[in-house]
Amino acid sequence: MKKTVSLLIAAVMAVMMFTACGSSQSKTLTMGTNAAFPPYEFYDGDKIVGIDAEIAEELAKRLGYELEIVDMEFGSIITSVQTGKVDMGIAGMTVTEDRLQNVNFSDSYAGGVQVIIVKEDSDIASPDDLDGKLIGVQENTTGHIYCAEDYGEENVIAYTNGATAVQALVQGKVDCVIIDSQPAQSFVAGNEGLKILDTEYVAEDYAIAVSKENEDLLKEINKALAEMTADGTTQAILDKYITAE
Ligand code: ARG
C-alpha cells in the first residue's frame, strides 16, 4: 500500500514537472525601440505604448510569443538586431538603402514624412530657405542623414531625441527642426510658438528591421502584417493614435 502511494506521488510529480517545463517554454519576441517618438513609441508612466508597441503586441500574439520591449538609443537599434540582442527593431524606422546593407526590412506598415518645424515668426518657408541655417535633428535618423547630405554636417546639430531638438529650437539654439511628421505634431502641440511648414521635406516608408540571419521570422512577420492589414487591425491601431486633420 505504502509503495503504491509513493509510486502515485512520483507519477503525479513527474506529470507536474513535465507540464511546468512545457509552460515555461512560452517564447519571447524582443523588440528594440527608442521610446521618445510619440505617437509611435513613448512612455505612459513606466510603460512603453504607442502604434509600434501595439503592432508588436499584435504580431507577438499572432505568432505565439510573449513580447518584450527594450528601450535604447535610436542609433543602437540596427546593431542590436544584427547581433541578436533583440529579435526585431520597430521604431518608426524608415527603410533606406544603407540600412538594407545591414538588416532586412519587413513590408511597410505605415508611411512617414520628414517635416520642418520653425518658430511661428520664422523667415523659413520651405526647404529652399535652409541654406546657411542651423538645423536640429534626432541623431542617426533619416532627418539627420538627409540634412547632413543636403545642407552640410556643419549646419546640422544632432540631439539624442526629438524633444531635446525641439527644446533647442524654442531656446533659439537652432533655426528649425527636421523630424517625422507625427512626432513633430506632438512636439509642436506641447510647445508654444512653433509651427510645421506645409512643404514636406522627404516622404518615407516605416518597416520592421529583422536580422539577415532570421529569414523565418521575417516571413512570419510579413504574413501576420498582411493579415493585420486585411482584417483592419493595423488601420485601427493607426487611427487610435493619429487623428485625421
Ligand atoms: N523615421 C526616422 C528614421 O528611421 C526616425 C525614426 C526615429 N524613431 C524613434 N523611435 N526615435 O530614421
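The shown structure was predicted, so the numbers you read here are calculated from the model rather than taken from an experiment.

Cut-offs applied
Residues numbered from 1 in each chain as written. Predicted model: local features only at pLDDT ≥ 70, side-chain atom pairs only at ≥ 80, totals over all residues. Heavy atoms only, no water. Salt bridge = Lys/Arg side-chain N within 4 Å of Asp/Glu carboxyl O. Helix = DSSP H or I, 4+ residues; strand = E, 2+ residues; numbered from the N terminus. Buried < 20%, exposed > 50% of the residue type's maximum accessible area, 1.4 Å probe, protein only. Phe/Tyr/Trp six-rings, centres within 6.5 Å; stacked < 30°, edge-to-face > 60°. Contact = heavy atoms within 4.5 Å. Expected span 1.5 Å × (residues − 1). Near = heavy atom within 4 Å. Polar contact = N/O pair within 3.5 Å; in protein donor to acceptor, adjacent residues only side chain to side chain. Areas by Shrake-Rupley, 256 points an atom, 1.4 Å probe, with all protein chains shown as cover. Nonpolar A, V, L, I, M, F, W, Y, C, P; charged D, E, K, R; others polar. Core = buried A, V, L, I, M, F, W, Y, C linked by side-chain atoms within 4.5 Å. Axes fitted to C-alpha atoms, helices over the stretch in contact; angles between N-to-C directions. Parallel < 35°, antiparallel > 145°, perpendicular 65-115°, else oblique.

I'm lost on the pattern of salt bridges in this one. Help?
Side chains that carry opposite charge are capable of pairing whenever their charged atoms lie near each other. Within this structure, the stated rule accounts for six salt bridges. We note a salt bridge from Arg 62 to Asp 231, for which the minimum N-O separation is 3.0 Å. Residue Arg 62 is located in helix α2 (residues 51-63), and its partner Asp 231 is located in the loop between α8 (215-230) and α9 (233-241); the two are separated by 169 residues in the primary sequence. Note on Asp 231: relative accessible area 44%, which makes it partly exposed. With its nearest N and O atoms 3.3 Å apart, the salt bridge here joins Lys 133 to Asp 123. With Lys 133 in the loop between β7 (110-119) and β8 (135-138) and Asp 123 in the loop between β7 and β8, the pair connects residues that are 10 residues apart, well separated along the chain. Judged by its relative accessible area of 59%, Asp 123 is exposed. Several salt bridges share partner residues, and in doing so they unite Glu 58, Lys 61, Arg 62 and Asp 231 into one network.

Would you take a moment to explain the packing of aromatic side chains for this structure?
Here the distance between the centres and the angle between the planes together describe a pair of aromatic rings. Tallying each qualifying case throughout the model produces four aromatic pairs. Judged by centre distance (6.3 Å) and plane angle (80 degrees), the ring pair of Phe 42 and Tyr 241 falls under edge-to-face. Note that Phe 42 is positioned in strand β2 (residues 42-44) and Tyr 241 in helix α9, a separation of 199 residues in sequence.

Help me understand helix α7 (residues 181-189) in this model?
Looking at α7, one finds that the buried residues are Ser 181, Gln 182, Pro 183, Ala 184, Phe 187 and Val 188. Each element contacted by the buried residues of α7 is listed here: β7, α6 (162-170), β10 (176-180) and β11 (194-196).

Please explain α8 as it appears in this structure.
The α-helix winds at 3.6 residues per turn, so residues separated by three or four positions along the chain end up facing the same way. Look at α8: 23 Å from first C-alpha to last across 16 residues, which is about the 22 Å you get at 1.5 Å a residue. Phi for Gly 232, located one or two positions after α8, is positive at around 85 degrees.

Help me understand the site of the ligand in this model?
The ligand sits among 15 residues. The nearest are Asn 34, Ala 91, Thr 94, Thr 142 and Asp 180. The contact in question runs from a nitrogen atom of the ligand to an N or O atom on the side chain of Glu 41, over 2.9 Å. At 2.7 Å, a backbone N or O of Thr 142 approaches an oxygen atom of the ligand. Within the complex, the protein chains bury 100% of what would otherwise be the 350 Å² of accessible surface of the ligand. Taken together, the residues of the shell around the ligand sort by class into five nonpolar, six polar and four charged.

Hey, could you run me through the side chain of Asn 161 in this one?
Residue position: Asn 161 is located in the loop between β9 (156-159) and α6. A polar atom in the side chain of Asn 161 sits 3.2 Å from the backbone nitrogen of Ala 163. Sequence-distant contacts of Asn 161, defined by excluding residues within four places in its chain, comprise Ala 36 and Gln 138.

Teacher, can you tell me more about the nonpolar core here?
Nonpolar side chains in soluble globular proteins tend to be buried together. In terms of nonpolar packing, the biggest core is built from 26 residues, with Ile 55, Leu 59, Met 88, Ile 90, Tyr 109, Ile 208 and Ile 221 touching the most fellow members. At the level of secondary structure, the elements contributing two or more residues to this core comprise β1 (27-33), α2, α8 and α9. Val 113, Ile 117, Ala 165 and Val 174 belong to the second-largest nonpolar core, a separate cluster that totals 15 residues.

Any chance you could explain the packing of α2 against α8 here in plain terms?
Helix-helix packing: each pair is described by the crossing angle between the helix axes and the interaxial distance. Look at α2 against α8: their axes get within 10 Å of each other, and the N-to-C directions meet at 110 degrees. Looking at the two axes, α2 sits roughly perpendicular to α8. Across the interface between the two elements, Ile 55, Glu 58, Leu 59, Arg 62 and Leu 63 from α2 touch Leu 217, Glu 220, Ile 221, Ala 224, Leu 225, Glu 227 and Met 228 from α8. Classifying every residue of the contact of α2 with α8 by side-chain character gives eight nonpolar, no polar and four charged.

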